[in-house]
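Now for the letters of each chain:
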Amino acid sequence: EVQLVESGGGLVQPGGSLRLSCAASGFTFDDYAMTWVRQAPGKGLEWVSGISWNGGSTHYAESMKGRFTISRDNAKNTLYLQMNSLKSEDTAVYHCAKARGTDSFQGPYPDWGQGTQVTVSS
């Protein structure tokens, strides 16, 4: 059974930073690209970032470029998202999700983690 467990969220002030982690199990981690997706209250699902199976290729939503960095450690079966220069509009529940293949980020994503709450507020 695919299991994805996010952690690292919390309350930060605007301009602050957080590092999210996603511990993966139940599948061959380095056979799949991975993604981060977020859900803000009252808003639709928003794709955040994706990374290929070996970390060789990374992609970001336009609003995240220059602020967020996705990475992975295949030896630890862990996905990361470094979030800098956080804004109030980044407030959301952040989920990691397994992609469909080694390089493609196209959804839908049937396998999700429970999510970790990120709140950016003064």
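Residues numbered from 1 in each chain as written. Predicted model: local features only at pLDDT ≥ 70, side-chain atom pairs only at ≥ 80, totals over all residues. Heavy atoms only, no water.

Draft legend 1. Main features of the overall build of the protein. The secondary structure content of the protein amounts to 0 helices and 10 strands. For the protein, the sequential pattern of α-helices and β-strands runs β-β-β-β-β-β-β-β-β-β. Taking 2.2 N^0.38 as the reference for a compact globule, 122 residues should give roughly 14 Å; the C-alpha atoms of the protein span a radius of gyration of 13 Å, in line with that estimate. For the protein, the spread of C-alpha atoms along the three principal axes comes to 40 × 25 × 25 Å. Every one of the 122 residues in the protein was classed for burial, and the buried ones make up 42%. (Helix = DSSP H or I, 4+ residues; strand = E, 2+ residues; numbered from the N terminus. Rg over C-alpha atoms; globule rule 2.2 N^0.38 Å. Buried < 20%, exposed > 50% of the residue type's maximum accessible area, 1.4 Å probe, protein only.)

Draft legend 2. The nonpolar core, seen in detail. Membership of the largest hydrophobic core comes to 27 residues, with the highest contact counts inside it found for Trp 36, Phe 68, Leu 79, Leu 81, Met 83 and Tyr 94. Broken down by secondary-structure element, the contributors of at least two residues to this core are strand E3 (18-25), strand E4 (34-39), strand E5 (45-51), strand E7 (68-73), strand E8 (78-83), strand E9 (92-98) and strand E10 (116-120). Counting residues per element, this core draws most heavily on E3, at 4 residues. If near-sequence neighbours (up to four positions away) are discounted, Phe 68 is found in contact with Arg 38, Val 48, Tyr 60, Leu 81, Gln 82, Met 83, Asn 84, Leu 86, Asp 90 and Tyr 94. In terms of nonpolar packing, the next biggest core, distinct from the first, is built from 6 residues, Ala 33, Val 37, Ala 99 and Tyr 109 among them. (Core = buried A, V, L, I, M, F, W, Y, C linked by side-chain atoms within 4.5 Å. Contact = heavy atoms within 4.5 Å.)

Draft legend 3. Representation of the packing of aromatic side chains in the model. One pass over the structure, following the stated rule, counts 4 aromatic pairs. Ring geometry for Phe 27 and Phe 29: centres 6.2 Å apart, planes at 55°, overall tilted. Considered together, Phe 27 and Phe 29 belong to a single accessibility category, that of buried residues. Clustering of aromatic rings is evident, with ring pairs tying together Phe 27, Phe 29 and Tyr 32. If you follow Arg 72 out to its NZ or CZ, it ends over the ring of Phe 29, 4.2 Å from the centre. (Phe/Tyr/Trp six-rings, centres within 6.5 Å; stacked < 30°, edge-to-face > 60°. Lys NZ or Arg CZ within 6 Å of the ring centre and 35° of its normal.)

Draft legend 4. Quick look at the state of the cysteines. The tally for this structure, following the rule as stated, stands at 1 disulfide. Here Cys 22 engages in a disulfide with Cys 96; their sulfurs sit 1.9 Å apart. One disulfide, between Cys 22 and Cys 96, carries an S-S torsion of 55° and so falls in the right-handed class. One end of the pair, Cys 22, is in strand E3; the other, Cys 96, is in strand E9, and 74 residues separate them in sequence. According to the relative accessible area criterion, Cys 96 is buried, its value standing at 0%. (Disulfide = S-S within 2.5 Å.)

Draft legend 5. Summary view of the pattern of salt bridges. Counted by the stated rule, this structure contains 5 salt bridges. In this structure, Asp 90 engages Arg 67 in a salt bridge whose closest nitrogen and oxygen atoms are separated by 2.8 Å. Within this pair, whereas Asp 90 is found in the loop between E8 and E9, its partner Arg 67 is found in the loop between strand E6 (58-60) and E7, the two being separated by 23 residues in sequence. Note on Arg 67: relative accessible area 11%, which makes it buried. (Salt bridge = Lys/Arg side-chain N within 4 Å of Asp/Glu carboxyl O.)

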